[in-house]
Amino acid sequence: MSVFSVAVLSLLSVFSSHIVWAQGKGVLENPGPGSYQSGVGVISGWVCEVGRIEIVFNENEADRWRVGYGTRRTDTQKECGDINNGFGLLFNWNLLGEGEHTVVAQVDGVEFGRTTVTVTTVGEGEEEEFLRGVGGTFTLPGFPNVKTAVQVQWQEAQQNFVIIAREPGNAEDGPRPLICEEEIVIEEARIIDADTLTLCEERIRLVGIDAPETWPQQQLCLNADGMCYPCGQDATEALKEKIGADNRVSCYLEPDLDRYGRALGVCFSSDGTDLNGWLVANGHAVAYFSDAYMPHEEIASVEQRGIHAGEFIDPGEWRRGARLEECL
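Residues numbered from 1 in each chain as written. Predicted model: local features only at pLDDT ≥ 70, side-chain atom pairs only at ≥ 80, totals over all residues. Heavy atoms only, no water.

Draft legend 1. View of the overall build of the protein. If you tally the helices and strands in the protein, you get 6 helices and 25 strands. Residue burial in the protein is summarised as follows: out of 328 residues, 46% are buried. For the protein, the proportion of contacts with a sequence separation of at least 24, taken over those separated by at least 6, is 57%. (Helix = DSSP H or I, 4+ residues; strand = E, 2+ residues; numbered from the N terminus. Buried < 20%, exposed > 50% of the residue type's maximum accessible area, 1.4 Å probe, protein only. Contact = heavy atoms within 4.5 Å.)

Now the structure itself:
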């Protein structure tokens, strides 16, 4: 079992011995009632007591966890007469499995806090408790408001996503939804190549990525068997297949255009997939002028997906005339 699954947050115990549990003062603050939990998090609160603090899950006495005690909590001075009353338990929620669970806080066997949470896991089978070997950075448009977007990245140690950037800039100049007949566009896309499409008569360059070329000359790559193949066309066909027969796509656009006058954006398929990231993660494009999709490219390279299964010329170099000798 992973150390992250069972680790208890070790805290320095500093306390006043004259405070007794007969005062019955304590609060379970986290997790909040009715909250959703996933990955590794902290169960915390405060209590005016120096005894044994434990967390019990689902009324199961066998599932009892000792909690670290003694963190500085100046807000407990009035209630407890001192300030070193915080407690915390670093806990992997995945251990509980999917569904609703009860969390009970006790001191010397006496309950002082109770809440109910809903746990969701992302692993399957043996990986349900601790998912390994995956990663990625994804864009969430429209958060914290419609004019902004944030990037989140998977952190294996936390078994969760963390916000790593807000792009671009601020709420005044952030991404704009592509408007089509007064609605955020979810329209049929005309795919030019794997990193360019047309939506509502606006040509959109998928930002942060660069795909093998199809125009003005078909880019050729070497597959795992050393044979030349049209990797630009393959990438384009893969994007069409991912979008699906209905061609329904939604896009969030950056405020500026590229040097060719095209809009720059992150686009999503009807199932919510970030198409920019999907193309890179599956070896149909490379990360371009941004670190946002570098983790995707690393995954594709390690797993030898798409163009990473053989040899290829970087699309930018191809446009400048570089060619694979085997495919001349």
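Draft legend 2. Quick look at the layout of surface pockets. A volume near 790 Å³ is recorded for the largest pocket. Along its surface, the largest pocket is lined by 28 residues, and R205, E213, Y260, R262 and R319 are the ones closest to its centre. Across the lining of the largest pocket, the residue classes break down as 11 nonpolar, 5 polar and 12 charged. Looking at the second largest pocket, its volume works out to about 220 Å³. Sorting the residues of the lining of the second largest pocket by element identifies helix 4 (275-281) and helix 5 (294-302) as the ones contributing at least two each. Counting residues per element, the lining of the second largest pocket draws most heavily on helix 4, at 3 residues. For the lining of the second largest pocket, the per-class residue count stands at 5 nonpolar, 7 polar and 4 charged. (1 Å grid on protein atoms, 1.4 Å probe; cavity = no way out; pocket = protein on both sides within 12 Å on 5 of 7 lines; lining within 4 Å. Points joined across faces, edges and corners; volume = space filled by probe spheres on them. Nonpolar A, V, L, I, M, F, W, Y, C, P; charged D, E, K, R; others polar.)

Draft legend 3. Examining the packing of aromatic side chains more closely. Applying the stated rule across the entire model yields 8 aromatic pairs. Here the aromatic rings of F91 and W93 are separated by 5.4 Å at their centres, their planes lie at 85°, and the arrangement is edge-to-face. Residue F91 is classed as buried on the basis of its relative accessible area, which comes to 0%. With a relative accessible area of 1%, W93 lands in the buried category. Measuring from centroid to centroid gives 5.9 Å for F138 and F161, while their planes differ by 75°, and the two rings are edge-to-face. Taken together, the residues F138 in strand 10 (residues 137-141) and F161 in strand 12 (residues 160-167) connect sequence positions 23 residues apart. A residue is classified by how much of its surface remains accessible, and F138, at 32% relative accessible area, is partly exposed. Each member of the aromatic cluster is reached from another via a ring pair, and the members are F57, W65, F91 and W93. R323 extends its terminal NZ or CZ atom over the ring of W318, reaching a point 3.6 Å from the ring centre. (Phe/Tyr/Trp six-rings, centres within 6.5 Å; stacked < 30°, edge-to-face > 60°. Lys NZ or Arg CZ within 6 Å of the ring centre and 35° of its normal.)

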